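Next come the chains, spelled out residue by residue.
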Amino acid sequence: MGDHGWHLGDDRVWGKHTIFEWALRSPLIIKTPERQTGAARDEIISSIDIYPTLTELCGLNPPAGTDGRSFARLLEKPRNKKWDNVAYSYFRRGITMRTPRYRLSRYFRNEKPVIELYDHRTDPYENHNIAAEHPELVEKLMPLLEKGNTGLYKLSD
């Protein structure tokens, strides 16, 4: 696993820690003795999924209460299509959710904007917040974001 990104002025940030794509995306390479050839994947996983995956690949059961989910089935051929492709991240009073197409973020702060929505098909660098232009899409995605709430912030504000 490689290190995650660094903002060099992107999104008005000079530093490492945000809930934007630049800071959250990191490369991951899995090598197992059973698989001699590689394959690029584009599914969305979380770093928290690595431990359950490694335990499964080693034939072990993770300890009870372990967070994350194994993505070992994504390494199978033919490609396993049953994966929900959602990842959550948290930083500075904000929760973000990444799906294959969108990043939806909600901040629990006084500054605006409180909700940010980016369409990665048209805006892969997350430069244009479309939340105000698409309230119906925010409303549709918000229950999925709420599934990622760990209880850190009150979502009913």
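Helix and strand counts for the chain stand at 3 helices and 6 strands. Along the chain, from the amino end to the carboxyl end, the secondary structure elements read β-β-α-α-β-β-β-β-α. Relative to its full complement of 157 residues, the chain shows a buried share of 38%. Total accessible area computed for the chain in this model is approximately 10400 Å², and 54% of it derives from carbon and sulfur atoms.

Turning our attention to the side chain of glutamate 126. Mapped onto the fold, glutamate 126 is located in the loop between β6 (115-119) and α3 (135-147). At 2.8 Å, the side chain of glutamate 126 forms a polar contact with the side chain of histidine 120.

Moving on to the pattern of salt bridges. Overall, the coordinates contain 4 salt bridges when judged by the stated rule. As a salt-bridge pair, aspartate 49 and arginine 69 come within 3.8 Å of each other at their nearest N and O atoms. A residue pair is termed long-range when its members are at least 10 positions apart, and aspartate 49 in the loop between α1 (21-24) and α2 (50-57) and arginine 69 in the loop between α2 and β3 (87-90) qualify at 20 residues. Classification of arginine 69 as partly exposed rests on a relative accessible area of 26%.

Here the focus is the sheet that holds strand β4 (residues 94-98). Strand order in this open sheet of 4 strands is β3-β4-β5-β6, and the pairing throughout is antiparallel. The open sheet is flanked by β3 and β6, the only strands paired with a single partner. Across the sheet, the mean angle separating the axes of adjacent strands is 15 degrees when strand polarity is ignored. The pairing of strand β5 (residues 102-107) with β6 spans 5 bridges and is antiparallel. When the bridges of β6 are listed, arginine 106 appears paired with isoleucine 115. In this fold α3 packs onto β3, β4, β5 and β6, with an angle of close to 75 degrees to the strand it touches most, β5.

What follows covers α2. Residues that lie three or four places apart on an α-helix share one face, since the helix turns once every 3.6 residues. For α2, the set of buried residues is Ile50, Pro52, Thr53 and Thr55. Glycine 59 sits one or two residues past α2 and shows a positive phi near 75 degrees.

What follows deals with the confidence of the model for the chain. As a general rule, the predicted coordinates of low-pLDDT regions are not to be interpreted in detail. Confidence in the prediction of the chain, expressed as mean pLDDT, is 80, and 81% of residues score 70 or more. No element of the chain has a lower mean pLDDT than strand β1 (residues 7-8), at 56, and none a higher one than β6, at 94.

Now for the nonpolar core. With 15 residues, the main nonpolar core has Met97, Leu104, Leu117, Val138, Leu141 and Leu145 as its most contacted residues. At the level of elements, β4, β5 and α3 are the ones that each hand at least two residues to this core. When residues in this core are grouped by element, the largest group, 5 residues, is from α3. Beyond its immediate stretch of four places on either side in the chain, leucine 145 contacts Tyr88, Ile95, Thr96, Met97, Leu104 and Arg106.

Burial of β4 is extensive: 5 of the 5 residues sit out of reach of the surface. Strand direction decides the pairing type here: β3 and β4, joined by 4 bridges, are antiparallel. Bridging across to β4, tyrosine 88 finds its partner in methionine 97. Joining the antiparallel neighbours β3 and β4 is a turn of 3 residues, in which arginine 92 adopts a positive phi near 40 degrees. Inspection of the sheet shows β4 paired to β5 by 5 bridges, in the antiparallel sense. When the bridges of β5 are listed, isoleucine 95 appears paired with arginine 106. Between the antiparallel neighbours β4 and β5 lie 3 residues.

Reading guide: rules and limits
- Residues numbered from 1 in each chain as written.
- Predicted model: local features only at pLDDT ≥ 70, side-chain atom pairs only at ≥ 80, totals over all residues.
- Heavy atoms only, no water.
- Helix = DSSP H or I, 4+ residues; strand = E, 2+ residues; numbered from the N terminus.
- Buried < 20%, exposed > 50% of the residue type's maximum accessible area, 1.4 Å probe, protein only.
- Areas by Shrake-Rupley, 256 points an atom, 1.4 Å probe, with all protein chains shown as cover.
- Polar contact = N/O pair within 3.5 Å; in protein donor to acceptor, adjacent residues only side chain to side chain.
- Salt bridge = Lys/Arg side-chain N within 4 Å of Asp/Glu carboxyl O.
- Pairing = 2+ DSSP bridges.
- Axes fitted to C-alpha atoms, helices over the stretch in contact; angles between N-to-C directions.
- Contact = heavy atoms within 4.5 Å.
- pLDDT = per-residue confidence, 0-100.
- Core = buried A, V, L, I, M, F, W, Y, C linked by side-chain atoms within 4.5 Å.

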